[in-house]
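Each chain, written out:
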Amino acid sequence: MTDHTDPRPRENTRASRPAPEDFRASRPAPEDTRASRPDAERRAAEHRHGEPAVTAERTAAGEIGVTAPGYRLTVAADGTTARLLAGGAYPVEFQLPGALDRTGAVDETLSVAAPVLDTSGPAPVVTVTRRSTAWDHAETRLVCTPEGPEFSWSVRGAGRLESVALFATRSARGGRGSGLCPSGHDWQTLFTPSPGPPRRLLRGAGESAVIGACGDARPGRGHWFFTPAPLCLALTGARLPDDTDPAAPGAGEWCTLGLGAPVRELTFTQLRYVPSDQGWHLSCDYEGHTRVDGAFRTPALLVSPGHPDPYAGLRAHRRWLEAHGWAPAPDPGERPAWWSEPMFCGWGAQTARARDTGRPAPALATQREYDAHLAVLEAHGLVPGTVVVDDKWQRVYGSWEPDPVKWPDLRAWIAYRHARGQKVLLWWRAWATEGVPEEFCVRTPDGVPVALDPGHPGARVLLAGNIDRLLAPDGLDADGLKIDFTADTPSGHSLTTAGDRWGLALLYDQLATIHDAAKGAKPDALVVTHTPHPAFAAVTDMIRLNDMLRLDDPDPRARVVPQMRYRAAVARAACPGLLTDTDDWCAPDLAQWRAYGAAKRELGVPALYVTTHLDRTGEELQECDYAALREQWERWRDRGRR
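Residues numbered from 1 in each chain as written. Predicted model: local features only at pLDDT ≥ 70, side-chain atom pairs only at ≥ 80, totals over all residues. Heavy atoms only, no water.

**Observations regarding the overall build of the chain**
Then, number 1: Helix and strand counts for the chain come out as ten helices and 31 strands.
Then, number 2: A globule of 642 residues ought to have a C-alpha radius of gyration of about 26 Å, and the chain, at 25 Å, matches this closely.
Then, number 3: Principal-axis analysis of the C-alpha atoms places the extent of the chain at approximately 80 × 55 × 45 Å.
Then, number 4: Expressed as a percentage of its 642 residues, the buried residues of the chain come to 59%.
Then, number 5: Within the chain, counting contacts between residues at least 6 apart in sequence, those at least 24 apart form 70% of the total.
Then, number 6: Within the structure as shown, the chain displays about 24000 Å² of accessible surface, and the carbon and sulfur contribution to it stands at 50%. (Helix = DSSP H or I, 4+ residues; strand = E, 2+ residues; numbered from the N terminus. Rg over C-alpha atoms; globule rule 2.2 N^0.38 Å. Buried < 20%, exposed > 50% of the residue type's maximum accessible area, 1.4 Å probe, protein only. Contact = heavy atoms within 4.5 Å. Areas by Shrake-Rupley, 256 points an atom, 1.4 Å probe, with all protein chains shown as cover.)

Listed below in C-alpha cells is the structure:
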C-alpha cells in the first residue's frame, strides 16, 4: 500500500524493496478514545479552515524556521543540528547527520552542508547532506508534518549495515566537536511499550530501553514479554515515580519517538534508546545482515509532541503507520464468537504438579493430567470454552508430532472436547530446531543450527505442512496455536540465513507463514502471540499479555495488577482490532492472583492457568475462589451475548 499524501519521493531508495505488504484482515474492538487529543483536534481545525498547517522559511542568518500548530523547529545554518520547541518545554536538540556503520567501516562525518529547504510539496522538506567516511553520499531528510517532524537518513554506496545511530553524529571534523555527539534534552521520564521489570511502569530518561525481537532471562535482556512491541517511546519533562500509572494526569505533555517502515524492511533485531549525560540517541542493530548495493534509506522516525499520555501517543503512532500503509487498519468484520470464550491453559497447573511431584513441568503435558485438571474445574462449575495444551505435548519441538506416550490419541481427545463444545489450542515454540533438518535452520559458521529459518523455502514448506496436519479436519483437527518464545529470534553477526531478511522482518516472515497456513487449514483458526507491534496485527488474532513476573530476577515479587493493566493498555492502543489473552502465570501469591482475576474482565479474555493451588506458593484455592471465577466467566460471557 502506498500513502499518496506522503511528500517524500517514491523512487526505490533501498537495495531491495519488497512489494507492499498485503495485510490480513484483523478483528477489531472499538478504539479506546478515553484520552483527549487536543493536538489532533487543533490540527484538524487548521485543515477545516483551509489554513496551512506547517510553514517554513529561511532567516537572514541562514537558519530554517518551521512553524506548526503544535511545535516550532529551527534547523541550524550549518546543518548539524535542529532544535524542537513544543508546549513550553525545554527545547530538544537533535544531531542531524546520523551514523550508519557498515561491516569494516565506521561512519564518521567529515563535513556537513548547509540545509536545503523545499516548500513546493504538501509539507516543507529540509535536506542536509554530509561527507561520510563509509559512504559515497549521505543525507538527512526532514519532512515537517502537522504531527511533527519526520526524519530519515539515506546513504549511497555498498556494504553491509552493522548498526545505525539516529540523532547522533560521529564527527571527524576536529576541534571541540569531535567524536560521538548525541542529541540533547531535559526530559525526566521515559515510557517504553516493551515491558521490563514488572515492578516498574516508567523509568528515568537517563536509563536505557530496548524494543525488539530478542530477549531472555539474563541481566540486561529481560525485555522479552512483548517481542516486538510498538517501536515508539514517549518522554516527558515531568519527573515521575517509576510505579506511576502512565495515563495518570499531571505529567504534562508527552513527546513520542516512533519508527516506521514496511514491516519486511525492519531488518534489525532491536531499537535501543541510548542515554548519556543530558543526552540521548537511538540505535538499530542490523548485525551485518542487511546488504546495501546502491541506495538505502532508514525507516522514518516521527517526533510527535503534545500527547496527553503515552497511550494516546501509541494510538497516534499506529494511525501514522496506517496512513503510510505500514500497518493494517482495523477491520470491522465479525470474529468467531468462540475466540472470546474463557480459556484454560495447563501450564500453571503443570508447574504446580511439578512442585508436588518433583518432575519437570513439560513432562506433565499429558492427556491424563489435562483430563484431571479439567475434571476438577468442571466439578466446581467451570467449563472453559478453549483449552490450551501447553509445553510439551510434542515428541520433539521442531517436528510438531504428538508424543504418543503422553497423548496416545490426541486427535480423539480433541474430538471429545469438540463434542463437549470446547475448542483446543496447541502450544507452539517459535524458532525450535529440534527435529528440523539442519539445512532449514539459521546456523553458526561451523554449521550448528540455532533457529528455524523462515527464509529457507524448505523450512516454509515444513512449517505449513505441519500446521495443516495439526489443524486441518483430516489431521488432528485442533483449533489454533498459542505461539511462544518469539524472543528467541536469532541474533549474531556470524550467523547465516538462506534469505535476505533479518531481525523483526525474519520473525514476521515466520509468523506470516504460520498464520497463513493456519487459516488455510481452518479459516476460523485462532493464532495467539505476544507481538503487539501494529504491523504484526496482520499475522495474529490475539495478543497475550505474557508472564506476570520475571522469575529469574533476584527478587521477582511485584504488584501484578498495575503491570498487567499497563500491558493491556499497550496492546489496545497498538492493536485495537485484536483480542487480548490476559494470561495467569505466575502469581506472586493468592491475594494477588485474586486481585488480578477481578481485573481481567476489564482487560481481555479471561485466562485461567491453575486448578487446585498456586505453583509458586502452594496456596490452595478456596470455594470462594471458584465462586469468583464462575461469576467472572459468566459476566464475561454475558457481555459477549449482548
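**Some remarks on the side chain of Thr81**
Then, number 1: Along the chain, Thr81 falls in strand 4 (residues 81–85).
Then, number 2: Here Thr81 falls in the buried class, since its relative accessible area comes to 15%.
Then, number 3: If sequence neighbours within four positions are ignored, Thr81 has contacts with Thr74, Val75, Ala76, Glu93, Phe94, Gln95 and Leu96.

**Here we look at the packing of helix 3 (residues 347–357) against helix 4 (residues 367–379)**
Then, number 1: At their nearest, the axes of helix 3 and helix 4 sit 11 Å apart, and the two run at 105° to each other. Taken as axis vectors, helix 3 and helix 4 run roughly perpendicular relative to one another. On helix 4, the residues that touch Trp347, Ala349, Gln350 and Arg353 of helix 3 are Glu369, Tyr370 and His373. (Axes fitted to C-alpha atoms, helices over the stretch in contact; angles between N-to-C directions. Parallel < 35°, antiparallel > 145°, perpendicular 65-115°, else oblique.)

**Focus: unusual backbone geometry**
A negative phi angle is the norm for most residues apart from glycine, just as the trans form is the norm for most peptide bonds.
Then, number 1: Pro228 follows Thr227 through a cis peptide bond whose omega is 0°.
Then, number 2: Cys586 follows Trp585 through a cis peptide bond whose omega is 5°.
Then, number 3: When you line up the elements, Cys586 lands in the loop between strand 30 (579–581) and helix 9 (590–603).
Then, number 4: You will see that Phe485, though not glycine, has its phi angle at about 65°, which is positive.
Then, number 5: Tracing the backbone through its elements, the reader meets Phe485 in the loop between strand 27 (480–484) and helix 7 (503–521).
Then, number 6: On the accessibility criterion, Phe485 (30% relative accessible area) is partly exposed.

**A word on helix 3**
Then, number 1: Buried within helix 3 are the following residues: Trp347, Gly348, Ala349, Gln350, Thr351, Ala352 and Ala354.
Then, number 2: Each element contacted by the buried residues of helix 3 is listed here: strand 22 (343–345) and helix 4.
Then, number 3: At the C-terminal side of helix 3, Gly358 shows a positive phi close to 80°.

**Notes on empty space enclosed by the protein**
Then, number 1: Considering all chains together, one arrives at four cavities of 30 Å³ or more under this definition.
Then, number 2: Of the volumes computed, that of the largest cavity is approximately 90 Å³.
Then, number 3: For the largest cavity, the full set of lining residues is Asp584, Trp593, Tyr596, Gly597, Lys600, Arg601, Pro606, Ala607, Leu608, Leu629, Gln632 and Trp633.
Then, number 4: Listing elements by their share of the lining of the largest cavity, those giving two or more residues are helix 9, strand 31 (607–608) and helix 10 (623–641).
Then, number 5: Tallying contributions element by element places helix 9 first for the lining of the largest cavity, with five residues.
Then, number 6: Its residues assigned to classes, the lining of the largest cavity shows seven nonpolar, two polar and three charged.
Then, number 7: As a volume, the second largest cavity reaches approximately 70 Å³.
Then, number 8: Taken together, Leu190, Phe191, Thr192, Ser194, Pro195, Gly196, Pro197, Arg200, Leu201, Leu202, Arg203 and Tyr566 make up the full set of residues lining the second largest cavity.
Then, number 9: The residue makeup of the lining of the second largest cavity, split by class, is seven nonpolar, three polar and two charged. (1 Å grid on protein atoms, 1.4 Å probe; cavity = no way out; pocket = protein on both sides within 12 Å on 5 of 7 lines; lining within 4 Å. Points joined across faces, edges and corners; volume = space filled by probe spheres on them. Nonpolar A, V, L, I, M, F, W, Y, C, P; charged D, E, K, R; others polar.)

**Remarks on the packing of aromatic side chains**
Then, number 1: This structure, assessed with the given rule, holds 23 aromatic pairs.
Then, number 2: Here the aromatic rings of Trp347 and Trp585 are separated by 6.1 Å at their centres, their planes lie at 75°, and the arrangement is edge-to-face. A residue pair is termed long-range when its members are at least 10 positions apart, and Trp347 in helix 3 and Trp585 in the loop between strand 30 and helix 9 qualify at 238 residues.
Then, number 3: What makes Trp585 buried here is its relative accessible area of 11%.
Then, number 4: Chaining the aromatic ring pairs together yields one cluster made of Phe94, Phe151, Trp153, Phe167, Trp187, Tyr273 and Trp280.
Then, number 5: The ring of Tyr397 has Lys392 sitting right over it, with the charged end atom 4.4 Å from the ring centre. (Phe/Tyr/Trp six-rings, centres within 6.5 Å; stacked < 30°, edge-to-face > 60°. Lys NZ or Arg CZ within 6 Å of the ring centre and 35° of its normal.)

**Overview of the pattern of salt bridges**
Then, number 1: Summed over the entire model, instances satisfying the criterion amount to 34 salt bridges.
Then, number 2: Arg200 serves as the salt-bridge partner of Glu207, at 2.8 Å between the closest nitrogen and oxygen.
Then, number 3: Residue class for Arg200 comes out partly exposed when judged on its relative accessible area of 23%.
Then, number 4: Here Glu602 and Arg565 are joined by a salt bridge, their closest N and O atoms 2.9 Å apart. Of the two residues, Glu602 sits in helix 9 while Arg565 sits in helix 8 (residues 560–574), which places them 37 residues apart along the sequence.
Then, number 5: Of the residues examined, Arg565 reaches a relative accessible area of 34% and is grouped as partly exposed.
Then, number 6: One network of salt bridges, in which partners are shared, links Asp484, Arg544, Asp547 and Asp583. (Salt bridge = Lys/Arg side-chain N within 4 Å of Asp/Glu carboxyl O.)

**Quick notes on the sheet that holds strand 29 (residues 542–544)**
Then, number 1: Pairing is parallel in the open sheet, where eight strands are placed in the order 30-29-28-27-24-23-22-31. Across the chains shown, the open sheet's two edge strands, defined by having one partner strand only, are strand 30 and strand 31.
Then, number 2: When strand 28 (residues 526–529) meets strand 29, the two strands line up parallel, connected through two bridges. In the strand pairing of strand 29, Val528 is matched with Met542.
Then, number 3: Running over the sheet, helix 5 (residues 410–419) touches strand 23 (386–389) and strand 24 (423–429) and is turned about 140° from strand 24. (Pairing = 2+ DSSP bridges.)

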